[in-house]
Amino acid sequence: MMTNSSRLAVAALAVAVALTGCVAPPDIPPPDAPDAKALWRQHKATMATLSEWRIKAKIAVKTGRKGGNATLLWAHRQARQEIELYGPFGSGRVRINARPGHAVLVDTKGRTSEGASAAEALYQRLGWQVPFTQLRDWVRGIPGADEGATGLVVDGAGRLRRFQQGDWRVEYQNYATVGQWDLPQRLSITAVPGSMEIYDDDGAYIGDQLSVKVVLKRWQDIRFDD
């Protein structure tokens, strides 16, 4: 969700954690390897069938000198999503239940907010933006299908490294092997400069720079469609 004149008060966090229980991937051939594009097409097709999962991650949002972080628990089951955020900006815990076209957030005091998506419900309550709709694809290591992606760069193993989609630039900084699959471990998402205006709680303009960093610590209950 990208809106002009948005209010966002968030503080930076450097996150560096390892993906537990995962084996480091093998040496990667260079990006100009002749089979890199074929490997990417195969990898993309496989990841597109990843339909269910539970993940635990660290997520940090930063704009200017302000920002914040949270622990993310995300259960994705076909069209249903259950998202929990612990400690976002000192607000305790929030839970979001989302289905296509509707999401409800409940905080620790029982207050609720609703929106057309998990991202909108989160913004309504806490004032920070996380593009959960697109992130559903990005955490699988593929661009979303709703908007065209440009500038795709893949490595020699056929894994996505960076691209731009809509108002976001996405970069994959590391992968890890989970079972037999290479899944993202660390990714950085940056709003295209000029795509939004960000203000603090007092209404003062603080710039147009927004970044979201995700460090995936654990994948569980992975299910691929047949």
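Refer to the structure above for everything that follows.
Residues numbered from 1 in each chain as written. Predicted model: local features only at pLDDT ≥ 70, side-chain atom pairs only at ≥ 80, totals over all residues. Heavy atoms only, no water.

## Section: the overall build of the protein chain
(1) Moving on: Counting secondary structure elements, the protein chain contains three helices and 14 strands.
(2) Moving on: Of all 226 residues assigned to the protein chain, the portion counted as buried reaches 45%.
(3) Moving on: Within the protein chain, contacts between residues separated by at least 24 positions form 54% of all contacts whose residues are at least 6 apart in sequence.
(4) Moving on: Carbon together with sulfur atoms contributes 47% to the accessible area of the protein chain, which is approximately 10,900 Å² in total. (Helix = DSSP H or I, 4+ residues; strand = E, 2+ residues; numbered from the N terminus. Buried < 20%, exposed > 50% of the residue type's maximum accessible area, 1.4 Å probe, protein only. Contact = heavy atoms within 4.5 Å. Areas by Shrake-Rupley, 256 points an atom, 1.4 Å probe, with all protein chains shown as cover.)

## Section: the pattern of salt bridges
(1) Moving on: Counted by the stated rule, this structure contains ten salt bridges.
(2) Moving on: In this structure, the salt-bridge partner of Asp-221 is Arg-54, at a minimum N-O distance of 2.7 Å. Within this pair, whereas Asp-221 is found in strand S14 (residues 211–224), its partner Arg-54 is found in strand S2 (residues 50–63), the two being separated by 167 residues in sequence.
(3) Moving on: Among the salt bridges present, the one from Arg-223 reaches Asp-225, with a minimum N-O distance of 3.1 Å.
(4) Moving on: For Arg-223, a relative accessible area of 37% translates into the label partly exposed. (Salt bridge = Lys/Arg side-chain N within 4 Å of Asp/Glu carboxyl O.)

## A short note on the packing of aromatic side chains
(1) Moving on: Going through the model one piece at a time under the given rule, you end up with seven aromatic pairs.
(2) Moving on: Here the aromatic rings of Trp-74 and Phe-132 are separated by 5.5 Å at their centres, their planes lie at 85°, and the arrangement is edge-to-face. Of this pair, Trp-74 sits in strand S3 (residues 66–77) while Phe-132 sits in helix H3 (residues 132–138); the two residues are 58 residues apart in sequence, bridging distant segments of the chain.
(3) Moving on: A relative accessible area of 1% means that Phe-132 is categorised as buried.
(4) Moving on: With a centroid separation of 6.2 Å and an interplanar angle of 70°, the aromatic rings of Trp-138 and Phe-163 are classed as edge-to-face. In this pair, Trp-138 is assigned in helix H3 and Phe-163 in strand S9 (residues 160–165), connecting sequence segments 25 residues apart. (Phe/Tyr/Trp six-rings, centres within 6.5 Å; stacked < 30°, edge-to-face > 60°.)

## With respect to the pairing of S3
(1) Moving on: Direction of pairing for S2 relative to S3: antiparallel, over a ladder of twelve bridges. Across the sheet, the residue bridging to Ile-59 is Ala-70, located in S3.
(2) Moving on: The pairing of S3 with strand S4 (residues 80–86) spans seven bridges and is classified as antiparallel. Looking across to S4, one finds that Thr-71 is bridged to Tyr-86.
(3) Moving on: Hairpin geometry of S3 and S4 is characterised by an intervening segment of two residues between the two adjacent antiparallel strands and by a positive phi of about 55° at Gln-78. (Pairing = 2+ DSSP bridges.)

## Quick look at the pairing of strand S6 (residues 102–107)
(1) Moving on: Here S6 shows a clear split, with Ala-103, Leu-105 and Asp-107 buried on one side and none of His-102, Val-104 and Val-106 buried on the other.
(2) Moving on: Alignment of strand S5 (residues 93–99) against S6, held across six bridges, turns out to be antiparallel. When the bridges of S6 are listed, Arg-99 appears paired with His-102.
(3) Moving on: Adjacent in sequence and paired antiparallel, S5 and S6 are bridged by two residues, among which Gly-101 carries a positive phi angle near 85°.

## Some words on helix H1 (residues 36–48)
(1) Moving on: Over its 13 residues, H1 runs 18 Å from end to end, which matches the ideal 18 Å to within 8%, given 1.5 Å per residue.
(2) Moving on: Three or more residues of H1 are buried, namely Ala-36, Trp-40, His-43 and Met-47. Viewed end-on, H1 has its buried residues packed into an arc of 70°, placing them on one side of the element. Away from the buried face of H1 by more than 90 degrees, exposed residues Arg-41 and Gln-42 are located.
(3) Moving on: Contacts made by the buried residues of H1 are with S2, strand S8 (149–154), S9, strand S11 (181–191) and S14. (Expected span 1.5 Å × (residues − 1). Arc of directions from axis to C-beta.)

## Structural notes on the environment of Leu-39
(1) Moving on: Residue position: Leu-39 is located in helix H1.
(2) Moving on: The class of Leu-39 is partly exposed, set by a relative accessible area of 27%.
(3) Moving on: Separated by 119 residues in the primary sequence, Leu-39 and Gly-158 place their C-alpha atoms 4.4 Å from one another.
(4) Moving on: Dropping the residues within four chain positions of it, Leu-39 is found in contact with Gly-156, Ala-157 and Gly-158.

## Quick word on the sheet that holds S8
(1) Moving on: Strands sit in the order S7-S6-S5-S4-S3-S2-S14-S11-S10-S9-S8 across an open sheet of eleven strands; the sheet is antiparallel. For this open sheet the edge positions go to strand S7 (112–115) and S8, each flanked by a neighbour on one side alone. Ignoring which end each strand starts from, the neighbouring axes of this sheet average 20° apart.
(2) Moving on: Note that S11 and S14 share five bridges and pair antiparallel. Note on S14: the bridge partner recorded for Leu-187 is Val-214.
(3) Moving on: Strands in contact with H1 are S2, S8, S9, S11 and S14; relative to S11, the strand with the most contacts, it is inclined by about 90°.
(4) Moving on: Against the sheet, helix H2 (residues 118–126) touches S4, S5, S6 and S7, its axis set at about 140° to S7. (Axes fitted to C-alpha atoms, helices over the stretch in contact; angles between N-to-C directions.)

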